[in-house]
Amino acid sequence: MTPTAIALFVLSAMLVWGGLVASTIYLIRRPETSAYPAGGYDESPEHSVVVRDT
Amino acid sequence: MSTTTQNPTGTQREQFSGQTGFILSAIGSAVGLGNIWRFPGVAYENGGGAFLIPYLVALMTAGIPILFLDYAIGHRFRGSAPTALRRLGGRWGRWTESLGWFQVGMSFVIGLYYTAIIGWALSYFVFSFDLRWGDDPAGFLVGEYLKVSNDVSVTGDIVASVAIPLAIVWIAAIVVLALGVSRGLERVNVVVMPLLALTFGAVVVRALFLDGAADGLNAFFTPDWGALSDPNVWIAAYGQIFFSLSIAFGIMITYASYRRRRANLTGPGLVVAFANSSFELLAGIGVFATLGFFAFQQGIPVAELEGISGISLSFITFPAILSQMPGGAVVGALFFGTLTLAGFTSLLSILQVTSAAVQEKFGLTPRSGAVAIGLVSAALSFALFSTTSGLYALDAADNWTNNIGVVGSAVIMSVLTVWVLRRGPELLYHLNTVSTVRLGGVWLALIGVVVPAVLGYMLVRAIVTVVTEGYEGYPAGFLVVMGWGALIAIGVITAVATALPWRHHKHDVEPWPPYAAVTTIKEN
């Protein structure tokens, strides 16, 4: 491969694959927001039944 | 383990079991046939290595913003595209519901022909073991396998060799969808996506060690900086990102609605978007390393090769290469196995859009919804795409549905949300409240200005092109039936489905988290 092609390959890999690695690491470290507003446990208060199928 | 919660229609609303299952399912939807056979050719023809710049700009300014818009609508308004958009519309709900059905209609039509292509890939997976196409892959595809008619017209002659794998794909898809979101769709993606990465990775590694691979990679990565001043290159980049991410035709709205309310949206969204692009880059490397080998074998430069994208690449050029490659049978099985799996996980998401919409409107269970939609779709799919005119029909329907239908849907959805209904700030608040990656006002500017401007231009250009130039030299009458006809069929689906009464039409949904300007969306 030519030096220019190699440089573009490295740049592409850094930005695209690097973006995947960075976003994955960030998600692993912060999977959920630290504080939610009250509520939000189900579709609506009158429909709060949760069924686990296993 | 999966969790289901009750939805406003009185039936149990399904949910993804967790973040990983959702992410793998969303990646499974985004990574499809286009990643493998479209991206490499588009990048090569639009600046090579320089294409990276418009590609990433398009990803950040349109792809990810629309992905987040889909997530926000589906997650906040807890439903398939018609349900969620109806709730988004408030007192204009019946009108916005019709946009949802338009998206469902496009998914329905795309599902019909997408299944056919997966059936082809499945056939070629089998053909790979004895390299059945011999030394004339083109003749084998159109003659022996598809038995394509000489005239470009709609025929009813079923081709058994196409119909049998098509039936297998439909049966598998219906079974998976009937099992439900967590036990069917999610479990398949959790198993298939790692397998897909492994098999395609093996194909790429093999390709890198072929004679001439470096020449192929040179062709792929060498930048043509002059291309950056060509507006068509930028449009190609926006088009690639847009069509690759499974956005704006109901898939991500539907998937996001299956996440629990307290679920991170933007963080996983970035992983999904970059995973999709990562697979495209990997496909570019694998495809061009292989094309480099093919050019080396023929003693010509890569630039003189033909058939480097789309159906030609996968079903003509690649088989020709496999015939010359040491271990071609194994590589062929891996390649077509990958193509089948990538297509199948995308197909599941396309069919789930229709199934979920019908379930919610007509009060059906996931099983009955999947079976009903699956049987109707399969019948139409056989009638239109397992025939001797299937190749032409597929080509025309795909061009009209994607380039006009899906792009138009994205333009309308963004303009409607930001400028007509003015719900952009509420959706921004929603994303920021439940997510770890916070968005600023720039997201509103992107979905309100950049997306409508760029995609609006693409839409107008696509319409002008097909009106003035036709498509692929096909007869005008055929294009009226299979091109414009596909859009007319989608319009009829939209009108009829919107007009039909909801089985459980009186239900209010309390959007959570509460937003100061609007707390309860009451349907009319």
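Residues numbered from 1 in each chain as written. Chains lettered and ligands numbered in written order. Predicted model: local features only at pLDDT ≥ 70, side-chain atom pairs only at ≥ 80, totals over all residues. Heavy atoms only, no water.

## A word on helix α9 (residues 181-208) of chain B
Given 3.6 residues to a turn, an α-helix orients residues that are three or four positions apart in the same direction.
And then number 1: The end-to-end C-alpha distance of α9(B) is 38 Å, a good match for the 40 Å that 28 residues give at a rise of 1.5 Å each.
And then number 2: Maximum bend of α9(B): about 25°, positioned at Val192(B), with proline Pro194(B) one to four residues after it. (Helix = DSSP H or I, 4+ residues; strand = E, 2+ residues; numbered from the N terminus. Expected span 1.5 Å × (residues − 1). Bend = angle between axes of the 7 residues up to and from the residue.)

## What about the interface of chain B and chain A?
And then number 1: On the chain A side, the residues contacting the 52 residues of chain B number 38 residues.
And then number 2: Interface area for chain B against chain A, summed over the two sides, is near 3900 Å², with a carbon-plus-sulfur share of 61%.
And then number 3: Applying the counting rule to chain B against chain A returns one salt bridge.
And then number 4: Glu32(A) is the salt-bridge partner of Arg260(B), the closest N and O atoms lying 3.2 Å from each other.
And then number 5: Connecting chain B to chain A are 12 residue pairs in polar contact (both at pLDDT 80 or more).
And then number 6: Elements with a contribution of two residues or more to the side of chain B that touches chain A: β1 (3-6), β2 (12-13), α1 (19-30), α4 (52-77), α9, α10 (213-221), α13 (266-298) and α18 (424-434) of chain B.
And then number 7: Among the elements that take part in the side of chain B that touches chain A, α13(B) stands out by supplying 11 residues, more than any other.
And then number 8: The residue makeup of the side of chain B that touches chain A, split by class, is 24 nonpolar, 19 polar and nine charged. (Contact = heavy atoms within 4.5 Å. Buried area = accessible area lost by both parts, 1.4 Å probe. Salt bridge = Lys/Arg side-chain N within 4 Å of Asp/Glu carboxyl O. Polar contact = N/O pair within 3.5 Å; in protein donor to acceptor, adjacent residues only side chain to side chain. Nonpolar A, V, L, I, M, F, W, Y, C, P; charged D, E, K, R; others polar.)

## What to know about the nonpolar core
And then number 1: In this structure, Tyr71(B), Ile73(B) and Phe315(B) are the most contacted members of the largest nonpolar core, which totals 187 residues.
And then number 2: Apart from residues no more than four positions distant in its own chain, Phe315(B) is found in contact with Trp37(B), Ile117(B), Trp120(B), Ala121(B), Tyr124(B), Pro137(B), Leu141(B), Phe336(B) and Leu339(B). (Core = buried A, V, L, I, M, F, W, Y, C linked by side-chain atoms within 4.5 Å. Buried < 20%, exposed > 50% of the residue type's maximum accessible area, 1.4 Å probe, protein only.)

## Digging into the side chain of Arg76(B)
Residues and elements named next belong to chain B.
And then number 1: In this fold, Arg76 is placed in helix α4.
And then number 2: A polar side-chain atom of Arg76 sits 2.7 Å from a polar atom in the side chain of Glu426.
And then number 3: There is a polar contact of 2.9 Å between the side chain of Arg76 and the backbone oxygen of Pro513.

## Examining helix α11 (residues 231-244) of chain B
All names here are of chain B.
And then number 1: For α11, spanning 14 residues, the distance from its first C-alpha to its last is 20 Å, which sits close to the expected 20 Å at 1.5 Å a residue.
And then number 2: The buried fraction of α11 amounts to 10 of the 14 residues, a majority that puts the element mostly inside the structure.
And then number 3: Restricting attention to buried positions, one finds in α11 the residues Val233, Ile235, Ala236, Ala237, Tyr238, Gly239, Gln240, Ile241, Phe242 and Ser244.

## Digging into the confidence of the model for chain A
And then number 1: Per-residue pLDDT for chain A has a mean of 81; in total, 76% of the residues score no lower than 70.
And then number 2: Taken together, the stretch residues 44-54 of chain A has pLDDT below 50 and engages in 26 contacts with residues farther than four places along the chain or on a different chain. (pLDDT = per-residue confidence, 0-100.)

## Digging into the packing of aromatic side chains
Residue and element names in this part refer to chain B.
And then number 1: In this structure the tally under the stated criterion is 40 aromatic pairs over all chains.
And then number 2: Seen from their ring centres, Tyr124 and Phe127 are 5.3 Å apart, and the 65° between their planes marks the pair as edge-to-face. Residue Tyr124 and its partner Phe127 are both found in helix α6 (residues 93-128); the two are separated by three residues, about one turn of the helix. Summarising the burial analysis for this pair, Tyr124 and Phe127 share the class buried.
And then number 3: Among the aromatic residues, those joined into a ring-pair cluster are Trp37, Trp120, Tyr124, Phe127, Trp133, Phe140, Tyr145, Phe315, Phe318, Phe335 and Phe336. (Phe/Tyr/Trp six-rings, centres within 6.5 Å; stacked < 30°, edge-to-face > 60°.)

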